[in-house]
Amino acid sequence: MSSNLFIPPWAEQVAEQLGTGPHVVVTGISPSGNIHAGNLREVLVAEAVANALKARGLEVRFVFHADTIDPLRKIAPGIPADYKSYIGHSLSRVPDPEGCHDSYAEHFLSPFEETLKRMEMHVEVLRSHELYEDGFYTEVTREAIEHTEALRRILQEVSGREMPKHWSPYLPRAGSGQVVGARVLEHLPGENKVVFADEDGWEEVADYGRGEGKLGWRVELAARWKALGATFEPFGKDHTSRGGSTDTADRMAEEVFRYPVPGRYEYEWIQIKGKGAMSSSKGIVLLPQEMLEIMPPDALRRLILGRDPARALDLDLGAGFPRFMDEYRAEVEPYPVPFAHLVTVAQTVGGEPEKAAVMLRRGGYEEAASDLAELRRDLAYARNWAEKWAPESYRFGVREEVPLEVANLDAEQRTYLAAVAGRLEDGMDGEATQDLLYSTAVELGLKPKTAFGALYTTLLGKKSGPKAGSFVAGLDTDFVRERFRHVSGLTTAGEVED
RNA sequence: GGGCCAGUAGCUCAGUGGUAGAGCAGGGGACUUUUAAUCCUCGUGUCGAAGGUUCGAUCCCUUCCUGGCUCACCA
């Protein structure tokens, strides 16, 4: 697909230190809630490193490991309260809260996977519950259970936490559906089974070769490296703290699983300007899907990755966004239209690229007007941004109906509108229109601000707007004439009545 | 307390071992033309502090100060 891969310098440096492979680049995310832009950063870090390795001619497998078998831990906002009865159950076995997918896990995973496709991400998406059910983790699970004492010791030494007496690296699923809270009593290595006591003390048997349970998170991390043959995995800073999951997994990998610790990149978090770090539980969530509404996939890559993912990033999709887009497009296109102008055009003509092209040509953006397909996309980005993210000052829309605000126009302004309506001619360009609007105001002895205010009020319901000449010229002349005549007559008549 | 990141012009941030940069804001000027107008023009700031390495450091090392985030399974 994309022959010239985007490889930032930091990714190149990481790749240099990773050896000759073959490589398995892994990124893992739990679909316990919305998979947001912060999660995307992890995937993009992995992608960039995978690309850097590929560019060096190395063999690379790029894997997205979705932790679908993980237990539901808490009820996120927007999830029905009665879901608390599912706490402790695997996400892959909890129903979709909105009923639109096969499971809770799929409900959140599926849209993210769709986003990855739209970004042309060449990644294998694996679901952990399927891996367990297919026996992919059988060997490492057996190994873990056999080394229960060593694993427990590492956990206690590294995390400083006293593990329960009956701690086991394996969490069998009880008949109730719970994958936490059981006590493993006996290992039957020949049958891939464990005998355990469930939360009520009943003895049951679980077949770990068929996904009837899972490894505990910290052990699973190290086991996963071995099973997948991972050579690189990025981690957010919450995992890389002293005593954190990477600390324990590193030792488990080396001492128990005899597997070399994969390369690592520690990335900082993304914040939303003015709102703080993303958090599903606080309702501060920015979805990648939303971001693709206002920018192309490659722009999203650069925005999320930032200059260096090891540094925190404050995402500004408001006032700062046009500048970002201009910088991005300056690299991609020979003659980019300033995004702010595109926003004006989009709001003036709606989604019709033909009309937008006319407007852009008048403004001197010949290049941008030539490719209608591309223009249609850009207009959509601009319009979506204007509706959802733009500061108020950017936003306007030509009213379908006569705005109520015209009631505030005085007699002079109405006279002005009538005069303009009488002078407007088809085919006038932006400059000619600007002259007409201005000279008419002067002739009637109106201040430009007053005159232009009337015009904006009549068309937009606001006192100000985009540069009037090209704006009015971009509209249908008949529509403008009709609107102006209507408003001037209507309000004048109203005053006479009074 | 541990970890990561940051501390450069009013603000947001680039940046390089060899005389400090951009955008915005602000000052001045131009334009008979509203608009977050447009065009031209203006930036000596202890590059957080102190040491060290070096012919030379804002950039490398050490220590310290300040701020942000993070720490047992929400990147």
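Analysis parameters
Within any chain, residue numbers begin from 1 and follow the written order of that chain's sequence. In the order they appear in the text, chains get letters beginning with A and ligands get numbers beginning with 1. Since the coordinates come from a predicted model, pLDDT governs what is reported: local features require at least 70, and pairs of side-chain atoms require 80 or more to be given and counted, while whole-chain, interface and lining totals use all residues. As a rule here, side-chain values come from all non-hydrogen atoms in the structure, and water together with hydrogens is ignored. UniProt positions are given in the numbering used here, feature names are shortened, and annotations may be inferred rather than shown by experiment. Only strands that DSSP links by at least two bridges are regarded as paired with each other. A run of H or I in DSSP counts as a helix once it spans at least four residues, and a run of E counts as a strand once it spans at least two, with each numbered from the N terminus. The convention used is that axes are lines fitted to C-alpha atoms, helices contributing only their stretch in contact, and that angles between N-to-C directions extend from 0 to 180 degrees. The split into domains, and so the bounds of each, comes from an automatic or database assignment of domains. Residue contacts are defined here by distance: any two heavy atoms, one from each residue, within 4.5 Å place the two residues in contact. Accessible area, probed at 1.4 Å, shrinks when two parts are joined; the buried area is that loss added up over both. Only one rule defines a salt bridge in this text: a Lys or Arg side-chain nitrogen within 4 Å of an Asp or Glu carboxyl oxygen. Only protein chains enter the calculation, and the probe is 1.4 Å; a residue is then buried if its accessible area is under 20% of its type maximum, exposed if over 50%, and partly exposed in between. A right-handed crossover is one whose linking path, passing over the helix from the first strand to the second, runs clockwise when the strands point away from the viewer. The cutoff for a nearby residue is simple: one of its non-hydrogen atoms must lie within 4 Å of the molecule or strand. Identification of polar contacts relies on pairs of N or O atoms within 3.5 Å, with a donor-acceptor requirement for protein atoms, meaning one able to donate a hydrogen and the other able to accept it, and with residues adjacent in sequence counted only if both atoms are side-chain atoms. For this classification, Asp, Glu, Lys and Arg are treated as charged, while Ala, Val, Leu, Ile, Met, Phe, Trp, Tyr, Cys and Pro are nonpolar and the rest, including Gly, are polar. Definition of nonpolar core: a set of buried residues of the types Ala, Val, Leu, Ile, Met, Phe, Trp, Tyr and Cys, connected through side-chain atoms within 4.5 Å. Note on terminology: angles under 35 degrees are roughly parallel, angles over 145 are roughly antiparallel, angles of 65 to 115 are roughly perpendicular, and the others are oblique. What counts as a ring pair is set by centres within 6.5 Å for rings of Phe, Tyr and Trp (its six-membered ring), and what kind of pair is set by the plane angle: stacked under 30 degrees, edge-to-face over 60, tilted for all other angles. Here is the rule for handedness: rotate from the far helix to the near one, and if that takes an anticlockwise turn smaller than a right angle the crossing is left-handed, while a clockwise turn gives right-handed. Per-residue confidence from the predictor is reported as pLDDT, which spans 0 to 100.

- An unreviewed UniProt entry annotates chain A as Lysine--tRNA ligase originating from uncultured Rubrobacteraceae bacterium.
- Heading Catalytic activity (unreviewed entry) of the UniProt record for chain A holds this comment: "tRNA(Lys) + L-lysine + ATP = L-lysyl-tRNA(Lys) + AMP + diphosphate".
- You can read under Subcellular location (unreviewed entry) in the UniProt record for chain A the words "Cytoplasm".

**Details of the sheet that holds strand S5 (residues 183-188)**
Then, in step 1: Taken together, 3 strands build an open sheet; the order of strands is S5-S6-S7 and the sheet is antiparallel. Of all strands in the sheet, those bounded by a partner on one side alone are S5 and strand S7 (203-207). For this sheet, the mean angle separating the axes of adjacent strands, direction not counted, is 25°.

**Concerning the domain arrangement of chain A**
Then, in step 1: When the domains of chain A are assigned, the result is domain 1 (3-137 + 216-288), domain 2 (319-394) and domain 3 (404-497).
Then, in step 2: The C-alpha centroid of domain 3 is placed 25 Å from the C-alpha centroid of domain 2.
Then, in step 3: Each partner contributes residues to the interface: domain 2 has 6 residues there, and domain 3 has 10 residues.
Then, in step 4: Both faces combined, the contact of domain 2 with domain 3 buries some 600 Å², and carbon together with sulfur accounts for 59% of it.
Then, in step 5: At the surface where domain 2 touches domain 3, the tally comes to 0 salt bridges.

**Here's the deal with the pairing of strand S2 (residues 60-66)**
Then, in step 1: Within S2, 6 of the 7 residues are buried, leaving the element largely enclosed by the surrounding structure.
Then, in step 2: Both strand S1 (residues 23-29) and S2 contribute to a ladder of 7 bridges, which runs parallel. Within the sheet, the bridge partner assigned to Gly28 lies in S2 and is His65.
Then, in step 3: Crossover S1 to S2 through helix H2 (residues 37-55) is right-handed.
Then, in step 4: Bridge count for S2 against strand S3 (residues 124-127) is 4 bridges, and the pairing is parallel.

**A word on the protein's contact with RNA strand B**
Then, in step 1: Taken together, 38 residues lie around RNA strand B, and Lys237, Tyr394, Tyr438, Tyr456 and Ala468 are the ones closest in.
Then, in step 2: By atom count, sugar and phosphate contribute 53% of the portion of RNA strand B lying within 4 Å of the protein.
Then, in step 3: A distance of 3.0 Å is found between a base nitrogen of RNA strand B and a backbone nitrogen or oxygen belonging to Ile270.
Then, in step 4: Separating a phosphate oxygen of RNA strand B from a side-chain N or O atom of Arg311 is a distance of 3.3 Å.
Then, in step 5: A class-by-class count of the residues in the surface near RNA strand B yields 12 nonpolar, 12 polar and 14 charged.

**Re the nonpolar core**
Then, in step 1: The biggest cluster of nonpolar side chains holds 73 residues, and the ones touching the most others in it are Phe64, Met291, Met295, Ile304 and Phe321.
Then, in step 2: Per element, the largest residue contribution to this core is 11 residues, and it comes from H2.
Then, in step 3: Residue-level mapping places this core at the junction of two domains, with at least three residues from each of domain 1 (3-137 + 216-288) and domain 2 (319-394).
Then, in step 4: Beyond its immediate sequence surroundings of up to four residues, Phe64 is in contact with Thr27, Ile29, Val43, Leu109, Phe112, Leu116, Val123, Glu124, Val125 and Leu126.

**Side note on the sheet that holds strand S11 (residues 270-272)**
Then, in step 1: Pairing in this open sheet of 3 strands is mixed, and the strands run S12-S11-S13 from one edge to the other. The open sheet is flanked by strand S12 (276-277) and strand S13 (313-315), the only strands paired with a single partner.
Then, in step 2: Where S11 and S12 come together, 2 bridges link them in antiparallel fashion. Across the sheet, residue Gln271 finds its bridge partner in S12, namely Ala277.

**Some remarks on the packing of helix H12 (residues 339-349) against helix H15 (residues 372-388)**
Then, in step 1: Two numbers describe how H12 lies on H15: the axes approach to 8 Å, and their chain directions differ by 90°. In terms of axis orientation, H12 runs roughly perpendicular to H15. Residues Phe339, Leu342, Val343, Val345, Ala346 and Gln347 of H12 lie in contact with H15, whose contacting residues are Leu375, Asp378, Leu379, Tyr381, Ala382, Arg383, Trp385 and Ala386.
Then, in step 2: Its residues assigned to classes, the contact of H12 with H15 shows 11 nonpolar, 1 polar and 2 charged.

**Overview of the packing of aromatic side chains**
Then, in step 1: Under the criterion given, the structure shown has 13 aromatic pairs.
Then, in step 2: Arranged with centres 4.7 Å apart and planes meeting at 50°, the rings of Tyr132 and Tyr137 form a pair that is tilted. Side by side, Tyr132 and Tyr137 carry an identical accessibility label, which is buried.
Then, in step 3: Both rings, one in Phe321 and one in Phe339, keep their centres 5.4 Å apart while their planes meet at 85°; by these two values the pair is edge-to-face. A residue pair is termed long-range when its members are at least 10 positions apart, and Phe321 in helix H11 (residues 321-332) and Phe339 in helix H12 qualify at 18 residues.
Then, in step 4: The class of Phe339 is buried, set by a relative accessible area of 1%.
Then, in step 5: Every member of this aromatic cluster is reached through a ring pair, and the members are Tyr83, Tyr86, Tyr104 and Phe108.

**Considering the packing of helix H10 (residues 297-305) against H11**
Then, in step 1: The contact between H10 and H11 brings their axes to 11 Å, and the two run at 120°. Here H10 is positioned oblique relative to H11, judged by the angle of their axes. As H10 packs across H11, the resulting crossing turns out to be right-handed. Where H10 approaches H11, its residues Asp298, Ala299, Arg302 and Leu303 are matched on the opposing element by Phe324, Tyr328 and Glu331.
Then, in step 2: Among the residues forming the contact of H10 with H11, the class breakdown is 4 nonpolar, no polar and 3 charged.

**Focus: H12**
Then, in step 1: Of all 11 residues in H12, 9 are buried, a share of seventy percent or more.
Then, in step 2: Those residues of H12 lying buried are Phe339, Leu342, Val343, Thr344, Val345, Ala346, Gln347, Thr348 and Val349.
Then, in step 3: Looking one or two residues beyond H12, the residue adopting positive phi is Gly350, at roughly 70°.

**A word on the side chain of Ser128**
Then, in step 1: With respect to the helices and strands, the residue Ser128 is situated in helix H4 (residues 128-133).
Then, in step 2: Among all residues touching Ser128, those that are not within four sequence positions of it are His65, Ala66, Asp67, Thr68 and Ile69.

**Description of the confidence of the model for chain A**
Then, in step 1: Of the residues in chain A, 96% have a pLDDT of 70 or more, and the chain-wide mean is 86.
Then, in step 2: Throughout residues 491-498 the model reports pLDDT below 50, and contacts reaching past four residues in sequence, or to other chains, amount to 5 contacts.
Then, in step 3: For this predicted complex, the interface score ipTM comes out at 0.81, alongside a pTM of 0.86.

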